[in-house]
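# Structure at a glance
One letter stands for each residue in the lines below.
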Amino acid sequence: FTELFISELGWNKYPSQPLPPFQVGDIVFEIDGIAERNGFQVLISYMDKLPTQTECKVLDGKLRRLADSYILIFVENNTNHHLWSVPIKNNEKRQLVFVEYLTSQRLEFLYSKIGELTFDIDEKTYITDVKARVQKAFEVNSEKLTKDFYSGFQKQHKAFCQFITGINDDIPDKENRDKQWYTSVMLNRLM
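A short tour of the structure in this document, coming up. (Residues numbered from 1 in each chain as written. Predicted model: local features only at pLDDT ≥ 70, side-chain atom pairs only at ≥ 80, totals over all residues. Heavy atoms only, no water.)

## Brief notes about the side chain of Gln41
Here is the rule we go by: Only DSSP runs of H or I with at least four residues qualify as helices, and only runs of E with at least two residues qualify as strands; both kinds are numbered from the N terminus onward. Two N or O atoms form a polar contact when they lie within 3.5 Å of each other; inside protein one atom must be a possible hydrogen donor and the other a possible acceptor, and for residues adjacent in sequence the pair counts only when both atoms belong to side chains. Contact criterion: two residues are considered in contact whenever any of their non-hydrogen atoms come within 4.5 Å of each other.
Tracing the sequence through the fold places Gln41 in strand S4 (residues 40-47). For Gln41, the side chain forms a polar contact with the main-chain oxygen of Leu66, separated by 3.4 Å. When residues no more than four places from it in sequence are discounted, the contact partners of Gln41 are Tyr14, Ala35, Glu36, Leu66, Ala67, Ser69, Tyr70 and Ile71.

This is the structure in structure tokens:
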């Protein structure tokens, strides 16, 4: 990853100051910097097991004191399995976007985003420029996933509602508030 970001994408070498270890529950995160651009950091952490999204969110709360703007790549030891965690701001709300790679076939998303993360060596940039490019590269994915999820949820809600019987069956499904409510409760519990 160091070679990728510095040689291929035009990022700068990371300053030699190491980050302190961060503890989240029973896990100690050893995080190294591999590249930076105008204060935006690319970090990496090698682990025996990739962290959960909840653990990443807790880590983000601790890490943002030292690295507010970053891409953090978790790599599972002795595998090609890695998880990218990128904080993105949407409507003044900070959220983490996660992109997981299990095999080289799933790297298509990463390859499609390389252009957004590339800088010319003599290109003059500021932290806002780097943030905007990273945001553009990863925000599209989170919006698409959210839209796809809710589209799929609506289809499943409608299909599940049609299978339910015994709740005001004489009222059409679209107008049957009790059946709609029951369907929503059951799907939310299943999720």
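## Points about the side chain of Asn176
Using the following cut-off: Relative accessibility thresholds used throughout: buried, under 20% of the residue-type maximum; exposed, over 50%; partly exposed, between the two (1.4 Å probe, protein chains only).
Following the sequence through the fold, Asn176 ends up in the loop between helix H4 (127-163) and helix H5 (177-190). Residue classification places Asn176 among the buried positions, given a relative accessible area of 1%. Other than its neighbours up to four places away in sequence, Asn176 contacts Ile167, Asn168 and Ile171.

## Considering the pattern of salt bridges
Stated formally: Counted as salt bridges are all cases of a side-chain nitrogen of Lys or Arg within 4 Å of a carboxyl oxygen of Asp or Glu.
The tally for this structure, following the rule as stated, stands at six salt bridges. Residues Asp60 and Arg94 are paired through a salt bridge, measuring 2.7 Å at the closest nitrogen-oxygen approach. Of the two residues, Asp60 is situated in helix H2 (residues 53-63) and Arg94 in strand S7 (residues 93-101); the sequence distance between them amounts to 34 residues. Taking relative accessible area as the criterion, Asp60 reaches 6% and is therefore assigned buried. Across the pair Lys179 and Asp173 runs a salt bridge, and its minimum N-O distance is 3.1 Å. What makes Lys179 buried here is its relative accessible area of 5%. The class for Asp173 is partly exposed, based on a relative accessible area of 23%.

## Structural notes on the packing of aromatic side chains
Aromatic ring pairs are described here by two measures, namely the spacing of the ring centres and the angle between the planes. Going by this rule: Stacked, tilted and edge-to-face pairs are distinguished by plane angle, under 30 degrees for stacked and over 60 for edge-to-face with tilted covering the rest, among Phe, Tyr and Trp rings (Trp via its six-membered ring) whose centres lie within 6.5 Å.
For the coordinates displayed, the defined rule picks out seven aromatic pairs. Their ring planes at 65° and their centres at 6.0 Å tell us that Trp11 and Phe40 sit as a pair that is edge-to-face. Residue Trp11 is located in the loop between helix H1 (2-8) and strand S1 (22-24), and its partner Phe40 is located in strand S4; the two are separated by 29 residues in the primary sequence. The residues Trp11 and Phe40 share a single accessibility class, namely buried. Pairing Trp84 with Tyr101 gives two aromatic rings, centres 6.2 Å apart and planes at 80°, and the pair type is edge-to-face. Of this pair, Trp84 sits in strand S6 (residues 82-90) while Tyr101 sits in strand S7, and the two are 17 residues apart along the sequence. Note on accessibility: Trp84 and Tyr101 belong to one class, buried. Taken together through their ring pairs, the aromatic side chains of Phe1, Phe5, Trp11, Phe40, Trp84, Tyr101 and Phe119 make up a single cluster.

## Some points on the environment of Asp68
Here Asp68 is to be found in the loop between H2 and strand S5 (70-76). With a relative accessible area of 39%, Asp68 lands in the partly exposed category. In this structure the C-alpha to C-alpha distance between Asp68 and Ile171, which are 103 residues apart in sequence, comes to 53 Å. Discounting residues that sit within four places of it in the chain, Asp68 has contacts with Pro87, Arg94 and Lys131. A polar atom in the side chain of Asp68 sits 3.0 Å from the side chain of Arg94.

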